[in-house]
Amino acid sequence: MNTIYFHDTMQGKKVEFVPRIPGEMSMYVCGLTTSNDSHVGHARTAIVFDVIRRIFRKNGYNVTYISNFTDIDDKIIQKSHEENITPKELAEKYMHRYIDVIQKMHISEPDMYPKVTDHIPEIVTAIETLIENGYAYESSGDVYFHVRKSEEYGKLSKRKLDDLLSGARIVPGEKKKDPLDFALWKEAKPGEPSWDSPWGKGRPGWHIECSVMALKYLGNHFDIHGGGQDLIFPHHENEIAQAEGITCEKPFCRYWIHTGWVTLDKVKMSKSIGNVFRIKDALQQYHPNVLRYFFLATLYSSPLEFNVEALQRAEKNVERIAISMRRFKTIVPRKTTERTEIENQLEEFCVTNHEEFHSQLRDNFNTPAAFGSIHLTLRELNRILDVQGTISAAVYEKIHLYLTEYFETLGFVDIENTTFLYDTEELVESLTNLAMLFELTIPEDQASVDDIVSLFIEKRAHARKNKDFALSDKIRDKLQECNIILEDSLGKTSYRLEKQ
Ligand SMILES: [Zn+2]
């Protein structure tokens, strides 16, 4: 079995993955609070862990992947009043909407989506255990986790209790002894959903659910716990304190993986700020394959800016792949095992590239580098098809197998039939016609929108150099009629596509 390396937040460095049980990988990822439509930040997390699961599977692991739904909390209760439905109805509405967009995005779902409200008895038992073990106390109907009792508190987020204390306050109405403590159980307020407990009617605090459900479905010391970077503190820190307080065993889980923020205008996308871009809106403008490419073109742990330029870059890349794949799928291979000299080289190149592809993914899930391998394979393939039109069946089969495997591992569905913001064929056709007007020669096969526009940009730069501004303006205006907007900046010209 091949070794997989990745950055573990707890150890603060890249480590070799050693599973709890050989050949098995168990993973828990914090899911959605179902109080609103999910935004593209949630989509990133879902895609990243979908791909991480695929990479482990490809490397021979049997994967169990669990992600929860928080279906009761303050926001859900508040929003249910606004929408004039019960909190349960509200949670179910957004849960179904989430599952719907996740399926539309072709994100393969976790093996299970446990919900908080289905686990109240287990949560109550866990809180009783924490009280028995001296980590929690009851205070007039509420139960709090006593942070100072947890000796290693802060070990994931690398925070010290004294530093935390300076920012901690007791909010009026809270009945905790120490500002650092957090609620495990909250006494019911009138009109709120509540459940029976030894401390009276109430509902669980936010953090306890993940400790309880992860331990229930994956057991002590499961392999990987994941989530967005913003959950490291306090949520994941609290999960560890609770779980290790319940089981009296360490560690809660063996490794921690966190995805980076998605930003909009450089500010972290967040429901509380309101700068969100919903997944369903993104899907109206971009094909799922384009969105997937966009998310995976940046390393999972880096911040990612959600903007039109980056999405159009992803679109151009997917278009390039789709064109090459369509070409590849329509060639008729020679029915022979004999290879020409350049086919031998192509085959060799593809074998090396195939190894590279997988070793890049095994090295901290480096999807941007893996895209590089795909583009290189297709470029080489196109080069040889330009020379000899087709290839032998044996080489064809091998490359076909590799390419299928690449797209499967990264979770692309039917990539050659990806549709774009614009109708590619139509746009290529009108650009080709326009090119004749400007006496530009377009390479016959597989010219992408990007390739053709580059020719126009070159021609225009040349015209400007010769002070033929009438021509350069004409080029710009004619392109604009095709919804292609040229932009000059720092002596370079780029373009963007404007939706019709
Ligand atoms: Zn969680």
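Just so we're clear, the structure is a prediction, and the values are computed from it rather than from any experiment.

Participant: I keep staring at the pattern of salt bridges and nothing clicks. Help me out?
Facilitator: Working definition: two side chains of opposite charge can pair if their charged atoms are close together. The full count for this structure, using the stated rule, is 38 salt bridges. One salt bridge in this structure joins K201 and D196, with 2.9 Å as the shortest N-O distance. Ionic contacts of the salt-bridge type, sharing partners, join the residues D37, R97, R278, K280 and D281 into one network.

Participant: Where do I start with the coordination of the zinc ion in this structure?
Facilitator: Each donor-metal-donor angle would ideally measure 109.5 degrees in four-coordinate tetrahedral geometry, or 90 or 180 degrees in six-coordinate octahedral geometry. Distances from the zinc ion to its protein donors, C30 (SG), C210 (SG), H235 (NE2) and E239 (OE), fall at 2.0 to 2.5 Å. Around the zinc ion, the 4 donor atoms are arranged such that angles at the metal cover 76 to 129°; this shape is classified as irregular. Donor residues for the zinc ion sit on one chain with the sequence pattern C-x179-C-x24-H-x3-E. Here the residue C30 occupies a position in strand 3 (residues 24-33), and C210 occupies one in helix 6 (residues 208-218), the gap between them amounting to 180 residues. In this structure C30 comes out as buried when scored by relative accessible area, which is 11%.

Participant: Which parts of the structure should I look at to understand the side chain of R44?
Facilitator: Within the secondary structure, R44 is located in helix 1 (residues 40-58). In this structure the side chain of R44 is engaged in a polar contact, spanning 3.0 Å, whose partner is the backbone oxygen of L299. When neighbours within four sequence positions are excluded, R44 is seen to be in contact with G260, W261, V262, F295, T298, L299, Y300, S301, S302, P303 and L304.

Participant: What exactly am I supposed to notice about the sheet that holds strand 5 (residues 136-139) here?
Facilitator: The 4 strands lie next to each other as 5-6-7-8, forming an open sheet whose pairing is antiparallel. Edge positions in the sheet fall to strand 5 and strand 8 (202-204), since each has one partner strand and no second. On average, each strand axis in the sheet is inclined to that of its neighbour by 20°, with strand direction left out of account.

About the cut-offs
Residues numbered from 1 in each chain as written. Predicted model: local features only at pLDDT ≥ 70, side-chain atom pairs only at ≥ 80, totals over all residues. Heavy atoms only, no water. Salt bridge = Lys/Arg side-chain N within 4 Å of Asp/Glu carboxyl O. Donors = N, O, S within 2.8 Å, 3.2 Å for Na, K, Ca; no water. Tetrahedral: all angles 85-135°; square planar, octahedral: opposite > 155°, others 65-115°. Helix = DSSP H or I, 4+ residues; strand = E, 2+ residues; numbered from the N terminus. Buried < 20%, exposed > 50% of the residue type's maximum accessible area, 1.4 Å probe, protein only. Polar contact = N/O pair within 3.5 Å; in protein donor to acceptor, adjacent residues only side chain to side chain. Contact = heavy atoms within 4.5 Å. Pairing = 2+ DSSP bridges. Axes fitted to C-alpha atoms, helices over the stretch in contact; angles between N-to-C directions.

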